[in-house]
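Reading the structure
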Amino acid sequence: MQTSARNQFSGEVVQATAGAVNDEIVIKLAGGQQIVATVTHDSAARLGLTQGKKAVALVKATSVIVMVDADANKVSARNVVQGKVTELTKGAVNADLTITDASGLAVSAIITNNSVDRLGLAVGKAAAAMFKASSVIVGIDA
């Protein structure tokens, strides 16, 4: 599967909670981290998103929020990856950065240069990447 999404996380569905309209899908990655996605019930059924199914979670870098001094228990986003900034490239308006956790899971984000400066972000600085479950697109191999 080739997509334009910068963040592509392969894993296995470990939990699928059905709802009337949306289902919550939990995908466990090889490093043990979990990505939570919310997809329509029809999509979950069509893709066969049940426990044990191999799946890929896709998140656009522009959907990632970056925080410093983040407390995952104090945000509504279901997906929080705490680590350090491992790459940072500033453009004319926006910056492209990567936050990598201790196990090597890397999340790319596109944020404004103003935000980089205001947060004091630099390579090696602790930061967290977070994204809502509704920002996750789930795919499978056809």
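Residues numbered from 1 in each chain as written. Predicted model: local features only at pLDDT ≥ 70, side-chain atom pairs only at ≥ 80, totals over all residues. Heavy atoms only, no water.

As recorded by an unreviewed UniProt entry, the protein chain carries the name Transporter and is attributed to Cupriavidus pauculus.

A closer look at the overall build of the protein chain
Along the protein chain, the regular secondary structure elements total 2 helices and 10 strands. Secondary structure of the protein chain in N-to-C order comes out as β-β-β-α-β-β-β-β-β-α-β-β. Here the C-alpha atoms of the protein chain give a radius of gyration of 15 Å, agreeing with the 14 Å that 2.2 N^0.38 yields for 142 residues. Each principal axis of the C-alpha distribution contributes one length, and for the protein chain these read about 45 × 30 × 25 Å. Taking all 142 residues of the protein chain together, 41% fall into the buried category. For the protein chain, the exposed area adds up to about 7700 Å²; of that, 49% sits on carbon and sulfur atoms. Here the protein chain contributes 13 positive and 11 negative side-chain charges, whose respective centroids are spaced 2 Å apart. (Helix = DSSP H or I, 4+ residues; strand = E, 2+ residues; numbered from the N terminus. Rg over C-alpha atoms; globule rule 2.2 N^0.38 Å. Buried < 20%, exposed > 50% of the residue type's maximum accessible area, 1.4 Å probe, protein only. Areas by Shrake-Rupley, 256 points an atom, 1.4 Å probe, with all protein chains shown as cover. Lys, Arg positive; Asp, Glu negative; His and termini not counted. Charge placed at Lys NZ, Arg CZ, Asp CG, Glu CD.)

Re the sheet that holds strand 9 (residues 126–131)
Overall, antiparallel pairing links the 5 strands, which are arranged 5-9-6-7-8 in an open sheet. Taken across any chain shown, the strands that pair with only one partner, and hence form the sheet edges, are strand 5 (65–67) and strand 8 (106–112). The average angle at which neighbouring strand axes cross in this sheet is 40°, direction not considered. Sheet analysis places strand 6 (residues 79–90) next to strand 7 (residues 94–100), joined by 6 bridges and oriented antiparallel. Bridging across to strand 7, Lys-84 finds its partner in Thr-100. (Pairing = 2+ DSSP bridges. Axes fitted to C-alpha atoms, helices over the stretch in contact; angles between N-to-C directions.)

Some words on the sheet that holds strand 4 (residues 54–59)
The strand order 3-2-1-4-10 describes an open sheet built from 5 strands, whose pairing is antiparallel. What marks the edges here is a single partner per strand, and that holds for strand 3 (34–40) and strand 10 (137–139). Going across the sheet, the axis of each strand differs from the next one's by a mean of 45°, ignoring polarity. Pairing analysis gives 3 bridges linking strand 4 to strand 10, with the strands arranged antiparallel. From the neighbouring strand, Leu-58 faces strand 10, where its bridge partner is Ile-137.

Focus: the UniProt feature "domain: Mop" (unreviewed entry) in the protein chain
Under the local residue numbering, the UniProt record ascribes the feature "domain: Mop" (unreviewed entry) to residues 2–68 and 74–140. For the annotated span residues 2–68, helix accounts for 10% and strand for 52% of the residues, and the straight-line distance between the end C-alpha atoms is 32 Å. Between the end C-alpha atoms of residues 74–140 there is a gap of 32 Å, over a span that is 10% helix and 52% strand. (UniProt positions renumbered as here; feature names shortened; annotations may be inferred.)

Brief notes about the environment of Gln-2
In this fold, Gln-2 is placed in the segment before strand 1 (7–17). As a C-alpha pair, Gln-2 and Ser-76 span 74 residues in sequence and 30 Å in three-dimensional space.

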